[in-house]
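A closer look at the structure
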Amino acid sequence: MNAKEVLLFAREHGARQVDVRFTDIPGLQHHITYPISELNEDSFSDGFGIDGSSIRGWAAINESDMLLIPDPGTALMDPFYEIPTLVMLGDVKDPITKQNYERDPRWIAAKAELFLANSGVGDTAYFGAEAEFFVFDNVSFDQNAHSGFYFIDAEEGRWNSGRKDNNLGYRPRYKEGYFPVPPTDHYQDLRAEMVETMVKCGLHIECHHHEVATGGQCEIDQRFNTLLKSADNMMLYKYIVRNVAAQYGKTVTFMPKPLFGDNGSGMHTHQSIWKEGQPLFAGDLYAGLSQMALYYIGGLLKHARALSAIIAPTTNSYKRLVPGYEAPVNLAYSRRNRSAACRIPMYSASPKAKRVEFRPPDPSSNPYMAFAAMLMAGLDGVANKVEPREPLDKDIYDLTPEEMKNVPSMPASLEEALICLEEDHDFLLKGDVFTAELIETYISYKRKYEADAVRLRPHPYEFSLYYDI
(Lines give C-alpha, C1' and ligand atoms only; values in the text may rest on other atoms or scores of the structure.)
Protein backbone atom coordinates (compact mmCIF):
# COMPACT_ATOMS: atom_id res chain seq x y z
CA MET A 1 0.00 0.00 0.00
CA ASN A 2 0.96 3.63 -0.47
CA ALA A 3 0.10 6.48 1.91
CA LYS A 4 -3.37 7.14 0.46
CA GLU A 5 -4.22 3.46 0.46
CA VAL A 6 -3.15 3.12 4.10
CA LEU A 7 -5.45 5.96 5.13
CA LEU A 8 -8.32 4.32 3.23
CA PHE A 9 -7.45 0.94 4.78
CA ALA A 10 -7.53 2.50 8.25
CA ARG A 11 -10.98 4.03 7.64
CA GLU A 12 -12.39 0.79 6.21
CA HIS A 13 -11.22 -1.15 9.27
CA GLY A 14 -12.36 1.44 11.79
CA ALA A 15 -8.87 2.13 13.11
CA ARG A 16 -8.94 4.52 16.03
CA GLN A 17 -5.22 4.54 16.80
CA VAL A 18 -1.97 3.99 14.92
CA ASP A 19 0.98 2.08 16.34
CA VAL A 20 4.46 2.66 14.82
CA ARG A 21 7.16 0.10 15.66
CA PHE A 22 10.94 -0.12 15.38
CA THR A 23 13.69 -2.45 16.57
CA ASP A 24 16.76 -1.78 18.72
CA ILE A 25 20.22 -3.27 18.18
CA PRO A 26 19.76 -6.31 20.45
CA GLY A 27 16.53 -7.11 18.58
CA LEU A 28 13.74 -5.98 20.93
CA GLN A 29 10.80 -4.29 19.19
CA HIS A 30 9.49 -0.96 20.53
CA HIS A 31 6.33 1.00 19.70
CA ILE A 32 4.62 4.33 20.12
CA THR A 33 0.88 4.88 19.64
CA TYR A 34 -1.07 7.92 18.38
CA PRO A 35 -4.75 8.71 17.85
CA ILE A 36 -5.60 7.98 14.23
CA SER A 37 -6.32 11.72 13.75
CA GLU A 38 -2.54 12.29 13.98
CA LEU A 39 -1.94 10.24 10.84
CA ASN A 40 -2.16 11.96 7.46
CA GLU A 41 -0.32 11.82 4.14
CA ASP A 42 2.40 14.14 5.43
CA SER A 43 3.15 11.67 8.22
CA PHE A 44 4.76 9.35 5.67
CA SER A 45 7.38 11.98 4.80
CA ASP A 46 7.57 14.13 7.95
CA GLY A 47 7.32 11.23 10.41
CA PHE A 48 6.83 11.34 14.16
CA GLY A 49 9.37 12.68 16.64
CA ILE A 50 10.85 10.24 19.18
CA ASP A 51 13.56 10.28 21.85
CA GLY A 52 16.28 7.78 20.96
CA SER A 53 18.48 8.28 24.01
CA SER A 54 16.87 5.50 26.05
CA ILE A 55 17.04 2.89 23.28
CA ARG A 56 19.82 0.35 23.86
CA GLY A 57 22.91 1.09 21.78
CA TRP A 58 21.44 4.25 20.26
CA ALA A 59 22.13 7.98 20.49
CA ALA A 60 23.55 9.93 23.40
CA ILE A 61 21.12 12.22 25.23
CA ASN A 62 22.54 15.32 23.52
CA GLU A 63 21.60 13.97 20.06
CA SER A 64 18.48 12.03 21.00
CA ASP A 65 15.82 13.67 18.77
CA MET A 66 14.88 11.37 15.89
CA LEU A 67 12.14 10.87 13.35
CA LEU A 68 10.13 7.69 12.94
CA ILE A 69 8.88 7.44 9.35
CA PRO A 70 6.03 4.92 8.86
CA ASP A 71 6.46 2.44 6.01
CA PRO A 72 3.04 2.16 4.30
CA GLY A 73 3.99 -1.21 2.83
CA THR A 74 3.94 -2.78 6.28
CA ALA A 75 0.45 -1.69 7.36
CA LEU A 76 -1.89 -4.15 9.07
CA MET A 77 -4.52 -4.19 11.81
CA ASP A 78 -3.22 -5.40 15.16
CA PRO A 79 -4.88 -8.74 16.02
CA PHE A 80 -4.60 -8.32 19.80
CA TYR A 81 -5.41 -4.74 20.85
CA GLU A 82 -8.92 -4.07 22.19
CA ILE A 83 -9.04 -0.67 20.47
CA PRO A 84 -8.86 -1.11 16.66
CA THR A 85 -5.28 -0.13 15.89
CA LEU A 86 -3.39 0.27 12.63
CA VAL A 87 0.21 -0.98 12.86
CA MET A 88 3.18 0.01 10.70
CA LEU A 89 6.92 -0.45 10.95
CA GLY A 90 8.93 2.75 10.98
CA ASP A 91 12.33 3.76 9.63
CA VAL A 92 14.45 5.94 11.90
CA LYS A 93 15.94 9.15 10.47
CA ASP A 94 17.93 12.12 11.68
CA PRO A 95 15.59 15.14 12.00
CA ILE A 96 18.24 17.57 10.73
CA THR A 97 19.84 15.74 7.80
CA LYS A 98 16.79 13.53 7.05
CA GLN A 99 19.29 10.71 6.51
CA ASN A 100 18.59 7.19 7.72
CA TYR A 101 20.00 6.46 11.17
CA GLU A 102 23.01 4.16 10.86
CA ARG A 103 22.12 2.23 14.02
CA ASP A 104 18.60 1.41 12.84
CA PRO A 105 18.76 -2.36 12.18
CA ARG A 106 16.05 -2.14 9.51
CA TRP A 107 18.22 0.30 7.55
CA ILE A 108 21.15 -2.13 7.77
CA ALA A 109 19.01 -4.83 6.15
CA ALA A 110 17.86 -2.39 3.45
CA LYS A 111 21.49 -1.43 2.73
CA ALA A 112 22.44 -5.08 2.37
CA GLU A 113 19.80 -5.45 -0.35
CA LEU A 114 21.10 -2.30 -2.06
CA PHE A 115 24.65 -3.64 -1.90
CA LEU A 116 23.60 -6.86 -3.60
CA ALA A 117 21.77 -4.96 -6.35
CA ASN A 118 24.79 -2.69 -6.95
CA SER A 119 27.26 -5.56 -6.92
CA GLY A 120 26.03 -7.02 -10.20
CA VAL A 121 26.07 -10.50 -8.65
CA GLY A 122 22.29 -10.64 -8.37
CA ASP A 123 19.31 -8.43 -7.69
CA THR A 124 17.38 -10.39 -5.03
CA ALA A 125 18.38 -12.33 -1.92
CA TYR A 126 15.76 -14.72 -0.59
CA PHE A 127 15.82 -15.71 3.07
CA GLY A 128 13.69 -18.28 4.84
CA ALA A 129 14.26 -18.65 8.58
CA GLU A 130 12.92 -21.40 10.86
CA ALA A 131 12.67 -19.97 14.37
CA GLU A 132 12.05 -22.49 17.15
CA PHE A 133 10.68 -21.62 20.59
CA PHE A 134 9.62 -23.12 23.92
CA VAL A 135 6.16 -22.86 25.53
CA PHE A 136 6.17 -22.78 29.33
CA ASP A 137 3.47 -22.34 31.97
CA ASN A 138 5.51 -20.26 34.36
CA VAL A 139 9.05 -18.95 34.67
CA SER A 140 10.65 -17.31 37.70
CA PHE A 141 14.14 -15.83 37.89
CA ASP A 142 16.18 -13.35 39.89
CA GLN A 143 19.80 -12.33 40.39
CA ASN A 144 21.21 -10.08 43.08
CA ALA A 145 24.29 -9.73 45.27
CA HIS A 146 23.55 -12.75 47.45
CA SER A 147 21.27 -15.04 45.42
CA GLY A 148 20.44 -16.15 41.91
CA PHE A 149 17.96 -18.67 40.52
CA TYR A 150 15.58 -19.62 37.75
CA PHE A 151 12.64 -22.03 37.82
CA ILE A 152 10.65 -23.24 34.81
CA ASP A 153 7.29 -24.98 35.00
CA ALA A 154 5.78 -26.57 31.89
CA GLU A 155 2.87 -28.99 31.67
CA GLU A 156 4.79 -30.78 28.91
CA GLY A 157 8.10 -30.77 30.78
CA ARG A 158 9.57 -34.24 31.17
CA TRP A 159 10.85 -33.23 34.62
CA ASN A 160 7.22 -32.82 35.73
CA SER A 161 6.37 -36.50 35.20
CA GLY A 162 6.24 -37.09 38.93
CA ARG A 163 3.90 -34.30 39.92
CA LYS A 164 0.57 -35.37 41.37
CA ASP A 165 -1.81 -32.69 40.13
CA ASN A 166 -3.15 -32.67 36.56
CA ASN A 167 -0.72 -35.39 35.45
CA LEU A 168 -2.04 -37.47 32.57
CA GLY A 169 1.33 -38.95 31.75
CA TYR A 170 1.84 -37.90 28.14
CA ARG A 171 5.11 -36.00 27.92
CA PRO A 172 7.85 -36.22 25.27
CA ARG A 173 11.03 -37.93 26.44
CA TYR A 174 14.22 -35.88 26.29
CA LYS A 175 15.34 -35.51 22.66
CA GLU A 176 12.26 -37.47 21.47
CA GLY A 177 9.77 -34.68 20.90
CA TYR A 178 9.87 -34.70 17.10
CA PHE A 179 6.40 -35.02 15.52
CA PRO A 180 4.35 -36.92 18.16
CA VAL A 181 0.59 -36.62 17.73
CA PRO A 182 -1.61 -35.36 20.59
CA PRO A 183 -1.95 -35.93 23.48
CA THR A 184 1.87 -36.18 23.67
CA ASP A 185 1.96 -33.01 21.58
CA HIS A 186 0.16 -30.69 23.98
CA TYR A 187 0.23 -27.63 21.74
CA GLN A 188 -1.40 -28.53 18.43
CA ASP A 189 -4.32 -26.17 19.07
CA LEU A 190 -2.06 -23.41 20.38
CA ARG A 191 0.17 -23.53 17.30
CA ALA A 192 -2.88 -23.71 15.04
CA GLU A 193 -4.20 -20.51 16.63
CA MET A 194 -0.81 -18.88 16.11
CA VAL A 195 -0.85 -19.91 12.45
CA GLU A 196 -4.40 -18.62 11.93
CA THR A 197 -3.38 -15.26 13.38
CA MET A 198 -0.22 -15.13 11.26
CA VAL A 199 -2.17 -15.83 8.08
CA LYS A 200 -4.68 -13.13 8.99
CA CYS A 201 -1.75 -10.70 9.34
CA GLY A 202 -0.38 -11.60 5.91
CA LEU A 203 2.34 -14.14 6.71
CA HIS A 204 2.70 -17.15 4.41
CA ILE A 205 2.99 -20.21 6.66
CA GLU A 206 4.08 -23.58 5.29
CA CYS A 207 3.74 -25.91 8.30
CA HIS A 208 3.94 -26.22 12.07
CA HIS A 209 5.01 -29.05 14.39
CA HIS A 210 6.45 -30.07 17.73
CA GLU A 211 10.24 -29.98 17.91
CA VAL A 212 12.79 -32.40 19.36
CA ALA A 213 12.96 -31.13 22.95
CA THR A 214 10.50 -31.65 25.76
CA GLY A 215 8.99 -28.65 27.56
CA GLY A 216 6.83 -27.59 24.63
CA GLN A 217 9.46 -26.89 21.97
CA CYS A 218 7.71 -25.85 18.74
CA GLU A 219 8.43 -24.68 15.22
CA ILE A 220 6.28 -22.77 12.73
CA ASP A 221 7.81 -22.41 9.28
CA GLN A 222 7.32 -19.31 7.15
CA ARG A 223 7.76 -19.23 3.40
CA PHE A 224 10.91 -17.48 2.20
CA ASN A 225 10.82 -13.85 1.11
CA THR A 226 13.26 -11.06 0.25
CA LEU A 227 15.82 -10.25 2.94
CA LEU A 228 14.18 -7.14 4.40
CA LYS A 229 10.67 -8.54 4.17
CA SER A 230 11.78 -11.78 5.83
CA ALA A 231 13.27 -9.80 8.71
CA ASP A 232 10.04 -7.77 9.04
CA ASN A 233 8.09 -11.02 8.99
CA MET A 234 10.26 -12.55 11.70
CA MET A 235 9.53 -9.64 14.04
CA LEU A 236 5.79 -10.07 13.36
CA TYR A 237 6.12 -13.84 13.84
CA LYS A 238 7.69 -13.38 17.28
CA TYR A 239 5.05 -10.82 18.27
CA ILE A 240 2.19 -13.14 17.32
CA VAL A 241 3.71 -16.23 18.94
CA ARG A 242 4.22 -14.43 22.26
CA ASN A 243 0.79 -12.81 22.34
CA VAL A 244 -1.24 -15.87 21.34
CA ALA A 245 0.62 -17.84 24.02
CA ALA A 246 -0.23 -15.13 26.55
CA GLN A 247 -3.91 -15.41 25.60
CA TYR A 248 -3.70 -19.12 26.46
CA GLY A 249 -2.06 -18.36 29.81
CA LYS A 250 1.33 -19.55 28.52
CA THR A 251 4.71 -17.88 28.10
CA VAL A 252 7.05 -18.30 25.13
CA THR A 253 10.82 -17.89 25.05
CA PHE A 254 13.15 -17.61 22.07
CA MET A 255 16.15 -18.21 24.34
CA PRO A 256 18.21 -20.77 22.45
CA LYS A 257 18.94 -23.03 25.45
CA PRO A 258 16.55 -22.65 28.41
CA LEU A 259 16.68 -26.36 29.37
CA PHE A 260 19.75 -28.29 30.46
CA GLY A 261 20.21 -31.71 28.88
CA ASP A 262 17.84 -31.26 25.93
CA ASN A 263 17.99 -29.74 22.47
CA GLY A 264 18.08 -25.96 22.11
CA SER A 265 16.23 -23.71 19.68
CA GLY A 266 17.86 -22.73 16.41
CA MET A 267 16.91 -20.44 13.54
CA HIS A 268 18.10 -22.36 10.51
CA THR A 269 18.26 -19.83 7.68
CA HIS A 270 17.75 -20.80 4.03
CA GLN A 271 19.40 -18.45 1.54
CA SER A 272 19.61 -18.02 -2.23
CA ILE A 273 20.44 -15.31 -4.77
CA TRP A 274 18.45 -14.59 -7.91
CA LYS A 275 18.88 -12.27 -10.87
CA GLU A 276 16.17 -11.13 -13.28
CA GLY A 277 13.85 -13.82 -11.96
CA GLN A 278 16.35 -16.65 -12.36
CA PRO A 279 17.91 -18.70 -9.51
CA LEU A 280 21.71 -18.49 -9.40
CA PHE A 281 22.44 -21.26 -6.91
CA ALA A 282 21.40 -24.17 -9.19
CA GLY A 283 24.07 -25.91 -11.26
CA ASP A 284 25.79 -29.20 -12.01
CA LEU A 285 28.37 -29.23 -9.21
CA TYR A 286 28.12 -30.83 -5.76
CA ALA A 287 24.50 -31.44 -4.66
CA GLY A 288 23.22 -29.65 -7.77
CA LEU A 289 24.84 -26.34 -6.81
CA SER A 290 26.40 -23.69 -9.02
CA GLN A 291 29.94 -22.40 -8.56
CA MET A 292 28.46 -19.18 -7.17
CA ALA A 293 26.60 -21.15 -4.51
CA LEU A 294 29.80 -22.94 -3.49
CA TYR A 295 31.64 -19.62 -3.24
CA TYR A 296 28.74 -18.28 -1.15
CA ILE A 297 29.11 -21.27 1.18
CA GLY A 298 32.85 -20.59 1.26
CA GLY A 299 32.14 -17.05 2.47
CA LEU A 300 29.72 -18.21 5.16
CA LEU A 301 32.19 -20.76 6.49
CA LYS A 302 35.18 -18.40 6.26
CA HIS A 303 33.44 -15.71 8.30
CA ALA A 304 31.26 -17.96 10.49
CA ARG A 305 33.27 -17.36 13.65
CA ALA A 306 32.88 -13.58 13.24
CA LEU A 307 29.24 -13.95 12.20
CA SER A 308 28.57 -15.87 15.40
CA ALA A 309 28.60 -12.65 17.45
CA ILE A 310 25.60 -11.45 15.40
CA ILE A 311 23.74 -14.66 14.52
CA ALA A 312 24.24 -16.35 17.93
CA PRO A 313 24.51 -13.15 19.97
CA THR A 314 23.83 -14.18 23.58
CA THR A 315 25.78 -15.96 26.28
CA ASN A 316 22.96 -18.52 26.24
CA SER A 317 23.60 -19.17 22.53
CA TYR A 318 26.78 -21.02 23.46
CA LYS A 319 24.89 -23.38 25.74
CA ARG A 320 23.20 -24.56 22.51
CA LEU A 321 26.32 -24.61 20.33
CA VAL A 322 27.85 -27.71 21.92
CA PRO A 323 28.28 -31.20 20.44
CA GLY A 324 25.62 -33.83 21.01
CA TYR A 325 22.37 -31.90 20.56
CA GLU A 326 22.20 -31.65 16.75
CA ALA A 327 23.91 -28.27 17.07
CA PRO A 328 26.03 -27.22 14.07
CA VAL A 329 29.24 -26.56 15.97
CA ASN A 330 31.57 -27.69 13.20
CA LEU A 331 32.09 -25.52 10.14
CA ALA A 332 31.53 -27.78 7.19
CA TYR A 333 28.93 -28.26 4.44
CA SER A 334 26.98 -31.25 3.24
CA ARG A 335 23.88 -32.32 1.37
CA ARG A 336 21.20 -33.55 3.75
CA ASN A 337 23.52 -33.87 6.77
CA ARG A 338 22.02 -31.76 9.55
CA SER A 339 25.16 -31.86 11.67
CA ALA A 340 26.96 -29.58 9.19
CA ALA A 341 26.87 -25.79 9.54
CA CYS A 342 25.83 -25.47 5.89
CA ARG A 343 23.29 -27.97 4.58
CA ILE A 344 22.01 -28.24 1.02
CA PRO A 345 18.38 -29.45 1.20
CA MET A 346 17.60 -32.19 -1.31
CA TYR A 347 13.79 -32.25 -1.11
CA SER A 348 13.35 -31.02 -4.68
CA ALA A 349 15.30 -31.18 -7.94
CA SER A 350 13.82 -27.87 -9.11
CA PRO A 351 16.45 -25.16 -9.74
CA LYS A 352 14.13 -22.70 -7.98
CA ALA A 353 14.36 -24.76 -4.78
CA LYS A 354 18.16 -24.85 -4.73
CA ARG A 355 19.40 -23.02 -1.66
CA VAL A 356 21.86 -23.11 1.21
CA GLU A 357 20.67 -23.65 4.77
CA PHE A 358 22.95 -22.05 7.37
CA ARG A 359 22.28 -23.74 10.72
CA PRO A 360 24.27 -21.91 13.45
CA PRO A 361 21.88 -18.90 13.84
CA ASP A 362 19.43 -18.91 16.71
CA PRO A 363 16.21 -16.92 17.32
CA SER A 364 17.77 -14.63 19.94
CA SER A 365 19.44 -12.78 17.07
CA ASN A 366 18.22 -9.53 15.54
CA PRO A 367 16.92 -10.75 12.13
CA TYR A 368 17.72 -7.49 10.34
CA MET A 369 21.37 -7.62 11.37
CA ALA A 370 21.69 -11.41 11.16
CA PHE A 371 20.30 -11.70 7.62
CA ALA A 372 22.37 -8.73 6.43
CA ALA A 373 25.57 -10.12 7.97
CA MET A 374 25.05 -13.56 6.43
CA LEU A 375 24.43 -12.04 2.99
CA MET A 376 27.60 -9.94 3.28
CA ALA A 377 29.65 -13.00 4.27
CA GLY A 378 28.29 -15.01 1.35
CA LEU A 379 28.85 -12.20 -1.14
CA ASP A 380 32.41 -11.80 0.12
CA GLY A 381 32.91 -15.47 -0.70
CA VAL A 382 31.52 -14.89 -4.21
CA ALA A 383 33.63 -11.77 -4.80
CA ASN A 384 36.84 -13.46 -3.64
CA LYS A 385 36.03 -16.91 -5.05
CA VAL A 386 36.39 -18.59 -1.68
CA GLU A 387 36.31 -22.34 -2.25
CA PRO A 388 34.87 -24.27 0.68
CA ARG A 389 36.66 -27.36 1.93
CA GLU A 390 35.59 -30.80 0.75
CA PRO A 391 32.00 -31.63 1.76
CA LEU A 392 31.45 -33.77 4.82
CA ASP A 393 28.75 -36.34 4.10
CA LYS A 394 29.02 -38.45 7.25
CA ASP A 395 27.96 -37.72 10.81
CA ILE A 396 30.44 -35.13 12.02
CA TYR A 397 30.07 -36.33 15.59
CA ASP A 398 31.38 -39.79 14.58
CA LEU A 399 34.66 -38.42 13.21
CA THR A 400 37.91 -39.54 14.81
CA PRO A 401 40.02 -36.98 16.72
CA GLU A 402 42.45 -36.92 13.79
CA GLU A 403 39.67 -36.14 11.33
CA MET A 404 38.21 -33.49 13.65
CA LYS A 405 41.48 -31.56 13.68
CA ASN A 406 40.80 -30.50 10.10
CA VAL A 407 37.27 -29.22 10.81
CA PRO A 408 37.09 -25.68 12.23
CA SER A 409 34.42 -24.99 14.82
CA MET A 410 32.20 -22.19 16.07
CA PRO A 411 33.33 -20.14 19.09
CA ALA A 412 32.62 -21.63 22.51
CA SER A 413 31.45 -18.40 24.18
CA LEU A 414 30.07 -14.97 23.41
CA GLU A 415 33.35 -13.37 24.47
CA GLU A 416 35.25 -15.54 21.97
CA ALA A 417 32.71 -14.64 19.29
CA LEU A 418 33.14 -10.91 19.99
CA ILE A 419 36.91 -11.27 19.65
CA CYS A 420 36.37 -13.00 16.30
CA LEU A 421 34.15 -10.13 15.15
CA GLU A 422 36.77 -7.59 16.25
CA GLU A 423 39.38 -9.39 14.15
CA ASP A 424 37.21 -10.07 11.10
CA HIS A 425 34.58 -7.51 10.11
CA ASP A 426 35.90 -5.79 6.98
CA PHE A 427 33.47 -7.83 4.88
CA LEU A 428 30.59 -6.19 6.77
CA LEU A 429 31.84 -2.66 6.02
CA LYS A 430 31.54 -2.97 2.24
CA GLY A 431 29.02 -0.53 0.84
CA ASP A 432 28.66 0.97 4.34
CA VAL A 433 26.13 -1.76 5.10
CA PHE A 434 27.57 -1.95 8.60
CA THR A 435 29.67 0.97 9.78
CA ALA A 436 32.84 0.68 11.84
CA GLU A 437 31.18 2.82 14.51
CA LEU A 438 28.20 0.45 14.68
CA ILE A 439 30.43 -2.63 14.96
CA GLU A 440 32.42 -0.96 17.75
CA THR A 441 29.23 0.03 19.57
CA TYR A 442 27.76 -3.44 19.18
CA ILE A 443 30.86 -5.20 20.53
CA SER A 444 31.15 -2.76 23.43
CA TYR A 445 27.50 -3.18 24.38
CA LYS A 446 27.55 -6.98 24.17
CA ARG A 447 30.79 -7.24 26.13
CA LYS A 448 29.80 -4.86 28.93
CA TYR A 449 26.13 -5.68 29.43
CA GLU A 450 26.07 -9.38 28.54
CA ALA A 451 29.39 -11.26 28.38
CA ASP A 452 31.04 -9.49 31.33
CA ALA A 453 27.78 -9.23 33.27
CA VAL A 454 27.37 -13.01 33.21
CA ARG A 455 31.07 -13.70 33.75
CA LEU A 456 31.18 -11.57 36.90
CA ARG A 457 28.28 -13.32 38.65
CA PRO A 458 28.57 -16.60 40.59
CA HIS A 459 26.72 -19.45 38.88
CA PRO A 460 24.41 -21.63 41.01
CA TYR A 461 26.23 -24.76 39.86
CA GLU A 462 29.51 -23.34 41.15
CA PHE A 463 28.17 -23.80 44.69
CA SER A 464 27.60 -27.49 43.92
CA LEU A 465 31.11 -27.78 42.49
CA TYR A 466 33.15 -25.68 44.87
CA TYR A 467 31.36 -24.85 48.14
CA ASP A 468 33.28 -27.51 50.04
CA ILE A 469 36.55 -27.10 48.16
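To be clear, the structure that these remarks concern was listed above.
Fair warning: this is a prediction, and the values are worked out from it, not measured in the lab.

About the thresholds
- Residues numbered from 1 in each chain as written.
- Predicted model: local features only at pLDDT ≥ 70, side-chain atom pairs only at ≥ 80, totals over all residues.
- Heavy atoms only, no water.
- 1 Å grid on protein atoms, 1.4 Å probe; cavity = no way out; pocket = protein on both sides within 12 Å on 5 of 7 lines; lining within 4 Å.
- Points joined across faces, edges and corners; volume = space filled by probe spheres on them.
- Helix = DSSP H or I, 4+ residues; strand = E, 2+ residues; numbered from the N terminus.
- Nonpolar A, V, L, I, M, F, W, Y, C, P; charged D, E, K, R; others polar.
- Patch = residues over 30% accessible without salt bridge, like charges linked within 9 Å, V, L, I, M, F, W, Y side chains within 5 Å.
- Areas by Shrake-Rupley, 256 points an atom, 1.4 Å probe, with all protein chains shown as cover.
- Salt bridge = Lys/Arg side-chain N within 4 Å of Asp/Glu carboxyl O.
- Axes fitted to C-alpha atoms, helices over the stretch in contact; angles between N-to-C directions.
- Parallel < 35°, antiparallel > 145°, perpendicular 65-115°, else oblique.
- Left-handed = near helix turned anticlockwise from the far one by under 90°.
- Contact = heavy atoms within 4.5 Å.
- Buried < 20%, exposed > 50% of the residue type's maximum accessible area, 1.4 Å probe, protein only.
- Core = buried A, V, L, I, M, F, W, Y, C linked by side-chain atoms within 4.5 Å.
- Phe/Tyr/Trp six-rings, centres within 6.5 Å; stacked < 30°, edge-to-face > 60°.
- Expected span 1.5 Å × (residues − 1).
- Bend = angle between axes of the 7 residues up to and from the residue.

Brief notes about empty space enclosed by the protein
Applying the stated criterion across every chain, the model contains two cavities of 30 Å³ or more. Roughly 60 Å³ of volume is contained in the largest cavity. Along the walls of the largest cavity sit F127, G128, A129, Q222, R223, F224, S230, N233, M234 and F371, which together make up its complete lining. At the level of elements, β7 (124–136) and α5 (227–247) are the ones that each hand at least two residues to the lining of the largest cavity. The residue makeup of the lining of the largest cavity, split by class, is five nonpolar, four polar and one charged. The computed volume of the second largest cavity comes to approximately 40 Å³. As for the second largest cavity, its lining consists of I25, P26, I310, P313, N366, M369, Y442 and K446. Residue composition of the lining of the second largest cavity, grouped by class: six nonpolar, one polar and one charged.

A few points about a nonpolar patch on the surface
Judged by side-chain polarity, Y461, L465, Y466 and I469 come together as a nonpolar surface patch covering roughly 500 Å² of accessible area. Within the fold, Y461 resides in helix α14 (residues 460–466).

What about the packing of helix α3 (residues 105–119) against helix α9 (residues 367–383)?
In the contact formed by α3 and α9, the axes pass within 8 Å of each other and the chain directions differ by 25°. Viewed along their axes, α3 and α9 adopt a mutual orientation that is roughly parallel. Crossing handedness for the pair α3 and α9: left-handed. Here P105, R106, I108, A109, A112, F115 and L116 of α3 lie close against α9, whose contacting residues are Y368, M369, A372, L375, M376 and L379. Each residue belonging to the contact of α3 with α9 can be placed in one class, and the counts come to 12 nonpolar, no polar and one charged.

Brief notes about the pattern of salt bridges
As enumerated under the stated definition, the model contains 20 salt bridges in all. When the shortest N-O distance is used, the salt bridge between D19 and R21 registers 2.8 Å. Assessed through its relative accessible area of 0%, D19 is described here as buried. One salt-bridge network, in which partners are shared between bridges, spans D71, D91, R106 and D232.

What to know about the nonpolar core
Counting 121 residues, the largest nonpolar core has L86, F133, M194, Y237, L375 and F434 as its most contacted members. When residues no more than four places from it in sequence are discounted, the contact partners of F133 are M194, G216, Q217, C218, I220, Y237, V241, V252, T253, F254 and S265. Counting six residues, the second-largest nonpolar core is a separate cluster that includes F136, I152, A213 and L259.

Topic: the packing of aromatic side chains
A complete count under the given rule lists 13 aromatic pairs for this structure. For the ring pair Y126 and F224, a centre distance of 5.2 Å and an interplane angle of 75° mean the geometry is edge-to-face. Of this pair, Y126 sits in strand β7 while F224 sits in the loop between β11 (217–222) and β12 (225–226), and the two are 98 residues apart along the sequence. The class for F224 is partly exposed, based on a relative accessible area of 36%.

So, helix α13 (residues 436–455)
Counted at 1.5 Å a residue, the expected span for α13 with its 20 residues is 28 Å, and the 26 Å between its end C-alpha atoms agrees. Largest kink in α13: about 40°, centred on R447. All buried positions along α13 are accounted for by L438, I439, T441, Y442, I443, Y445, K446, E450, A451 and A453.

Comments concerning the layout of surface pockets
Here the second largest pocket is characterised by a volume of approximately 840 Å³. Along its surface, the second largest pocket is lined by 41 residues, and E130, D221, H270, R343 and E357 are the ones closest to its centre. When residues in the lining of the second largest pocket are grouped by element, the largest group, six residues, is from β7. Residues of the lining of the second largest pocket, tallied by class, amount to 14 nonpolar, 11 polar and 16 charged.

Some points on the side chain of R191
Of note, R191 is situated in helix α4 (residues 188–200). Aside from chain neighbours lying at most four places away, what touches R191 is D185, H208, H209, H210, C218, E219 and I220.

Focus: the environment of A417
Residue position: A417 is located in helix α11 (residues 414–423). You can call A417 buried: its relative accessible area is 0%. Separated by 112 residues in the primary sequence, A417 and R305 place their C-alpha atoms 6.3 Å from one another. The contacts of A417, once residues within four sequence positions are left out, are R305, S308, A309, Y318 and P411.

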